[in-house]
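Below are the chains, spelled out letter by letter.
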Amino acid sequence: MRAMVFQLPIEEDVVVIDRALSKGLHLLAHMIYTELDVLHLEESHEYAICSQIAAAIECGIVIPERLMLTLKDRVLLNIFHSGQHLPLREATRATQFLTLLERDEEALRALSVLASAVQGAQNRDGGWGFYRTDHSRIPATSAALQVLAKCRTKGLDVDQSVLDRGYAFLTEAYYKDLARDRVLSFKAAQVLSAYLVRVPEIPELLRDIAGSVIRVLHESQSENGSWTFLVRATPRMREDLGSVAVTSINVDALTAVLAREEVLTDEQWATALTMALKGARFLCATQMGDGYWPAQHSDEYIIRTAECVRTLFRVRRLISDA
């Protein structure tokens, strides 16, 4: 880690993050052990629970075996029955869960179905929408490419031409929005996240993308550390519309690129670290007294909380590695 660049009030950040993490991890474990008891799993929530469990495991929470097995059975049943028509959001969450199951032949078969379905849903322009009749979008394309990257890590066949066309769409769409000064911070972050898992990697292009995205994020971050869905906003609008979801997405991308030191210059690395810590402080400040994070709808509290806990855990791990 670049010790000479690390000239920030890090001890204060550690105290704030640890306090929020402690409360969030306790709540996440409580939700898994009680509120999300296997006997009360609702079918419509299965894929959201997949994402929550993936976040919990990354943070070191031990998941009851019966919950893992019950959720696995339900997810496999759904995928083998209708996996070719599964919307991208659900396919992404199912992949997060299934890739956690080591040496599981049924999980590999299900992942193969998902990989085939995602590749088959690619639009003619190389991008993906969130469902089969949707037009291509940067967030959906980024999600699809990351799903396929995860499937590749499990040894599954993924058509290289599908990946090449996907990245070509992503690059063109990103730079087109950038040229029109219309690129949104969370879209830029999702482009970077997709490029960080690209196989085979093109180092020069990754460095160009990373430098560009860091500039976009730096120009659009509010004083309170948040980012919004808006391209441009007055300070007052930024304060009012600070988004927990967008900030979590952006900080995740920053922590991922900070772990790849060879990608960034010293100046870019310092800027990215400063932004990640400011974003983490915003997330800590928006945590509610009961440990949850706010969401637009009450049924999103659980998944939003899992996402924020995972984001803070990644920042904390980054600090520890330094």
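As a reminder, the structure under discussion sits directly above these lines.
Residues numbered from 1 in each chain as written. Predicted model: local features only at pLDDT ≥ 70, side-chain atom pairs only at ≥ 80, totals over all residues. Heavy atoms only, no water.

J.: What's the story with the overall build of the protein in this structure? I'm lost.
T.: What the protein contains, in helices and strands, is 13 helices and zero strands. Shown N-terminal to C-terminal, the secondary structure of the protein runs as helices and strands in the order α-α-α-α-α-α-α-α-α-α-α-α-α. Looking at the protein as a whole, 53% of its 322 residues are labelled buried. Partitioning the intrachain contacts of the protein with sequence separation of at least 6 by distance along the chain shows that 71% fall at a separation of at least 24. Carbon and sulfur atoms provide 52% of the accessible area of the protein, an area that totals close to 15,300 Å². (Helix = DSSP H or I, 4+ residues; strand = E, 2+ residues; numbered from the N terminus. Buried < 20%, exposed > 50% of the residue type's maximum accessible area, 1.4 Å probe, protein only. Contact = heavy atoms within 4.5 Å. Areas by Shrake-Rupley, 256 points an atom, 1.4 Å probe, with all protein chains shown as cover.)

J.: Could you clarify how one ought to interpret the environment of M68 in this entry?
T.: Among the secondary structure elements, M68 is positioned in helix α3 (residues 65-82). Once the C-alpha coordinates of M68 and F97 are considered, the two residues, 29 residues apart in sequence, prove to be 9.3 Å apart.

J.: Help me understand the packing of aromatic side chains, please; the structure alone is not making it clear to me.
T.: Two descriptors summarise a pair of aromatic rings, namely the distance from one centre to the other and the angle between the planes of the rings. Here the structure, examined in full by the defined rule, presents three aromatic pairs. Both rings, one in Y292 and one in Y301, keep their centres 6.3 Å apart while their planes meet at 40 degrees; by these two values the pair is tilted. Above the face of the F130 ring, R89 is positioned so that its terminal group lies 5.1 Å from the ring centre. (Phe/Tyr/Trp six-rings, centres within 6.5 Å; stacked < 30°, edge-to-face > 60°. Lys NZ or Arg CZ within 6 Å of the ring centre and 35° of its normal.)

J.: Is there a simple way to explain the packing of helix α2 (residues 46-58) against helix α4 (residues 88-98) in this structure?
T.: In a pair of packed helices, the angle between the axes and the distance between the axes together describe the arrangement. Contact pair α2 / α4: the axes reach a minimum separation of 8 Å and the direction vectors enclose 40 degrees. Between α2 and α4, the crossing angle belongs to the class labelled oblique. Crossing of α2 over α4 shows left-handed handedness. Contacts between α2 and α4 involve Y47, A48, C50, S51, I53 and A54 from the first element and E90, R93, A94, Q96 and F97 from the second. For the contact of α2 with α4, a count of residues per class yields seven nonpolar, two polar and two charged. (Axes fitted to C-alpha atoms, helices over the stretch in contact; angles between N-to-C directions. Parallel < 35°, antiparallel > 145°, perpendicular 65-115°, else oblique. Left-handed = near helix turned anticlockwise from the far one by under 90°. Nonpolar A, V, L, I, M, F, W, Y, C, P; charged D, E, K, R; others polar.)

J.: Sorry, what's going on with the environment of P139 here?
T.: For P139, the position within the fold is in helix α6 (residues 138-153). Distance from P139 to A194, taken between C-alpha atoms, is 9.6 Å for residues 55 residues apart in sequence. The residues contacting P139, other than those within four sequence positions of it, are F130, F186, K187 and Q190.

J.: Teacher, can you tell me more about helix α8 (residues 185-196) here?
T.: Because an α-helix packs 3.6 residues into every turn, residues spaced three or four apart end up facing the same way. A rise of 1.5 Å per residue sets the reference length of α8, with its twelve residues, at 16 Å; its end C-alpha atoms lie 17 Å apart and thus fit the reference within 8%. Of all twelve residues making up α8, eleven are buried, and the element is well covered by its neighbours. Listed as buried for α8 are S185, F186, A188, A189, Q190, V191, L192, S193, A194, Y195 and L196. Next to the buried residues of α8 lie α6, α7 (160-179), α9 (203-220) and α11 (244-258). (Expected span 1.5 Å × (residues − 1).)

J.: Mind showing me how you'd approach the pattern of salt bridges here?
T.: A side chain with one charge may pair with a side chain of the opposite charge, provided their charged atoms come close. Summed over all chains, the structure comprises 15 salt bridges. The closest approach of N and O atoms between R314 and E58, which form a salt bridge, is 2.7 Å. Taken as a pair, R314 in helix α13 (residues 301-321) and E58 in helix α2 lie far apart in primary sequence, 256 residues in all. What makes E58 partly exposed here is its relative accessible area of 26%. Residue R260 is joined to E262 by a salt bridge in which the shortest nitrogen-to-oxygen separation is 2.9 Å. Look at the salt bridges and you will find they share partners, linking E58, D252, R314 and R317 into a network. (Salt bridge = Lys/Arg side-chain N within 4 Å of Asp/Glu carboxyl O.)

J.: So what exactly am I meant to see when it comes to the side chain of D134 here?
T.: Relative to the helices and strands, D134 resides in the loop between α5 (105-120) and α6. When neighbours within four sequence positions are excluded, D134 is seen to be in contact with N123 and G129.

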